[in-house]
Each structure stands twice: as structure tokens, then as C-alpha cells.
Amino acid sequence: MRTERKLTRLDRVFARLDREPERPVHIDGPRMTPHRIVLFAATLAFYGAIVWAVVITSWLVRLDWQVMFFRPYQQWAEIHAFVDYYVVLGQRGPTAVMVAAWLGWRSWRQHTLRPLLALGVSLLLLNITVGAAKLGMGRLGPHYATTIGSNEMGLGGDIFPSGHTANAVVTWGILAYLASTPRARRWLSALSAVTSLGVGLSTVYLGTHWLSDVLLGWAAGLLIMLALPWFEPLIARSESWIFDLRDRWRERRTAAVPVPTAPAPVTTPVLLKPRATAADDEVAAREATSAPRSPRAPVYLAPGPHTARAERTPVTPVGSRRPPHTDRITRGAAPAARPLTGG
């Protein structure tokens, strides 16, 4: 009796992916709704409040110093190895490669470049905004602090806001942004928020960032994700331009390759003669019968000139037992006189 194999959870996931339609027109990116605009404005206000609190050296800066003096990496040394690996989830290189591989597979399945283009636009915005803030504020990290209680700003540092935290928000948040269903979007959004906040706290544990750096990095990444719908028209135009460029390149390549055709058959020209009449046929037949025949070749094979039979000299064959005929004369010659004998 044959029994069917029980599907595992992974088999059901891949079976659902196989049913994913190509170029799904019903899956649209998030739009800039009023609710999203309000959330963007609130996050921007939170971003400005963090920067202002650090600039004026408020209670937030004192909290940064207290956490630094607490030295979490010494208090919980048993999790140090795990945190070293976990913080990789915020590094731009490894995370971008992993997410780009998944989005590349989705682009190939759905025959669209939107997932990869959305990732590229978000990473470009991340590098521009976070990089400019780092260089503009120039805050030093905990390991390079010079004055206790100071905000350490304007000293040529590049620690504020936290790039690991902002990169974790954008890289993992793009999966939620491109989710196919609202339920998947909610779950992926929560997972992205927890992962990015965990990455930020890992940098605080290792002593590479202030606590305020993490809060500002989390706000910076969230601003990019909330502002991404404004760039959807640019993503759509870029996708259309790339596809048009691909089509023109294919047409040019097809036109450059000649199509092989069968060679034309070589024909021998035929000379057309005028149609012969009955009179012409009769004249040609008469000429053919009255034409002189060519002389026949001689049948003898002797190399010398032909002589008459009468002029030939009798020759006794070699080895013959017959005596030579000395008394024979050639025809036409006068016989010799015989001598008279008595008798």
C-alpha cells in the first residue's frame, strides 16, 4: 500500500511561493497616506529632540556616561561571544548581500525590478542622510571620550547617529515594506524593529556607541522607511527605463546577427532555338544521308609500306624442316636458262 509523504512546514512554504503570480499587479507599495505623514512628522520631531538634547548636554548625555561607566561587557561577560555575532546583523555588507539575494530571487520570480530598486534607493538614502549627520555633528565614541560629562561633539568623530542601528532598520525593514500581504507586513515590521533595537543595544553593550546614538540611529532608519513611498514614482520610471534599454539592446543584437538563408540553386543557361519546320527537318535528313563517310583505317599493322603479294620473297620459317626453295623464282621474273647436259 502506497502512502503519501507528509508535507513539512518548509515544503508548505515553498509550495506557497510556487503559487506566487508573475508581475503581481495587485501588490502595490505603501502610499504616503495621512497616517504615514503624521508618523513621519512625529519621528522627525523625535530625531530633532534627540539631537537637541545632546547638543545642550542634557540628562541624556549624563545617562550616556552612566551606561558607559557601568561597562555592560564586564557585567554580563558570559554573553559577549553571542553579542559579537549578533551585531553582524547591523553591518551593511553582510546584511545587504543576504537581503539582496532574497529580493533578487523575488525579482526573477515576479519579472520586476521593484524589489531590488527599492533596496538600492533605501541604501542610497541611508548613506546620504546618516553619513551627512555623522560628519556634520562629529561626535566621539565612548572609547575616545576626553572629558567626563561632555557631549563630545564637533571633535571630528563619526559615531552619532549609530550606523549599525539605522542600517538594521532599513535593511530588514525593506522586507516588511515589500511584503505581499498586510499580515506579513505587520509581522516583518515588528521583527525589523526588534532586530534593529537589539543591534543598537549590542553596540552599547560592546562600548562602541552611546545610548543616544542608538536612539538617533533608530529614528534615522525609520524616517527613511516612512519616506520611501515618495520615491515610488522614481523607482517605477527607473524600472521602465531599464526594461526599455534591455529591449533596445536585444533588438540591436538580433539585427546585427544575419539570418541564414538557403542558397539559390545554380542554373545553366539554356539556349533557345527557333522551332524547326517540316521542310527544315527534311533538308537536315537529306544532308545526313548524303554526307561522305570518313575513310576507314587500314586493318594491317605492318610498320612498313604495303607491297604487292607478287613482290614478296618467300621466306622459310625458322626451325622448319623443309629445305630452302632455291629453285623458286619470283613471279614476274624471267626464268634462268638451265645448262644442257648430255645424256
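Draft legend 1. Just the overall build of the protein, in detail. Along its length, the protein carries 12 helices and 0 strands. Listing each helix as α and each strand as β along the protein from the N terminus yields α-α-α-α-α-α-α-α-α-α-α-α. Here the protein, with 343 residues, has 32% of them falling under the buried criterion. Long-range pairs, those at least 24 residues apart, make up 77% of the contacts in the protein between residues at least 6 apart in sequence. Working note: accessible area of the protein is about 24,700 Å², and carbon and sulfur atoms make up 64% of it.

Draft legend 2. Just the nonpolar core, in detail. Among the nonpolar cores identified, the biggest contains 48 residues, and Tyr47, Phe160 and Ile174 are the most heavily contacted of them. Breaking this core down by element, the ones donating at least two residues are helix 2 (34-55), helix 3 (59-70), helix 6 (92-110), helix 7 (114-137), helix 8 (163-177) and helix 10 (211-227). Sort the elements by how many residues they give to this core and helix 7 lands first, with 10 residues. Beyond its immediate sequence surroundings of up to four residues, Tyr47 is in contact with Ala133, Pro161, Leu216, Ala219, Ala220 and Leu223.

Draft legend 3. Highlighting the side chain of Asp213. Examined against the element boundaries, Asp213 turns out to sit in helix 10. Assessed through its relative accessible area of 0%, Asp213 is described here as buried. Here the side chain of Asp213 touches Trp210 through a polar contact of 3.0 Å, landing on its backbone nitrogen. Setting aside residues up to four positions removed in sequence, Asp213 forms contacts with Arg139, Ile159, Phe160, Pro161 and Ser162.

Draft legend 4. Region of the structure containing the packing of helix 3 against helix 10. Two elements in contact, helix 3 and helix 10, have axes separated by 8 Å at closest approach and are oriented at 120°. With respect to each other, helix 3 and helix 10 are oriented oblique. Contacts between helix 3 and helix 10 pair Leu60, Leu63 and Asp64 from the former with Leu211, Ser212 and Leu215 from the latter. Classifying every residue of the contact of helix 3 with helix 10 by side-chain character gives 4 nonpolar, 1 polar and 1 charged.

Draft legend 5. Expanded view of a nonpolar patch on the surface. A surface patch of nonpolar side chains, amounting to about 420 Å² of accessible area, comprises Phe70, Trp76, Ile79 and Phe82. Following the sequence through the fold, Phe82 ends up in helix 5 (residues 80-86). Phe82 sits in the exposed class, given a relative accessible area of 57%.

Draft legend 6. Quick peek at the pattern of salt bridges. Tallied over the full model, the rule gives 4 salt bridges. Arg114 is the partner of Glu232 in a salt bridge, and the nearest nitrogen-oxygen pair spans 3.3 Å. With Glu232 in helix 11 (residues 232-256) and Arg114 in helix 7, this pair connects stretches of sequence that are 118 residues apart. Taking relative accessible area as the criterion, Glu232 reaches 15% and is therefore assigned buried. For Arg114, a relative accessible area of 16% corresponds to the buried category. In this structure, Arg139 engages Asp213 in a salt bridge whose closest nitrogen and oxygen atoms are separated by 3.2 Å.

Procedures and definitions
Residues numbered from 1 in each chain as written. Predicted model: local features only at pLDDT ≥ 70, side-chain atom pairs only at ≥ 80, totals over all residues. Heavy atoms only, no water. Helix = DSSP H or I, 4+ residues; strand = E, 2+ residues; numbered from the N terminus. Buried < 20%, exposed > 50% of the residue type's maximum accessible area, 1.4 Å probe, protein only. Contact = heavy atoms within 4.5 Å. Areas by Shrake-Rupley, 256 points an atom, 1.4 Å probe, with all protein chains shown as cover. Core = buried A, V, L, I, M, F, W, Y, C linked by side-chain atoms within 4.5 Å. Polar contact = N/O pair within 3.5 Å; in protein donor to acceptor, adjacent residues only side chain to side chain. Axes fitted to C-alpha atoms, helices over the stretch in contact; angles between N-to-C directions. Parallel < 35°, antiparallel > 145°, perpendicular 65-115°, else oblique. Nonpolar A, V, L, I, M, F, W, Y, C, P; charged D, E, K, R; others polar. Patch = residues over 30% accessible without salt bridge, like charges linked within 9 Å, V, L, I, M, F, W, Y side chains within 5 Å. Salt bridge = Lys/Arg side-chain N within 4 Å of Asp/Glu carboxyl O.

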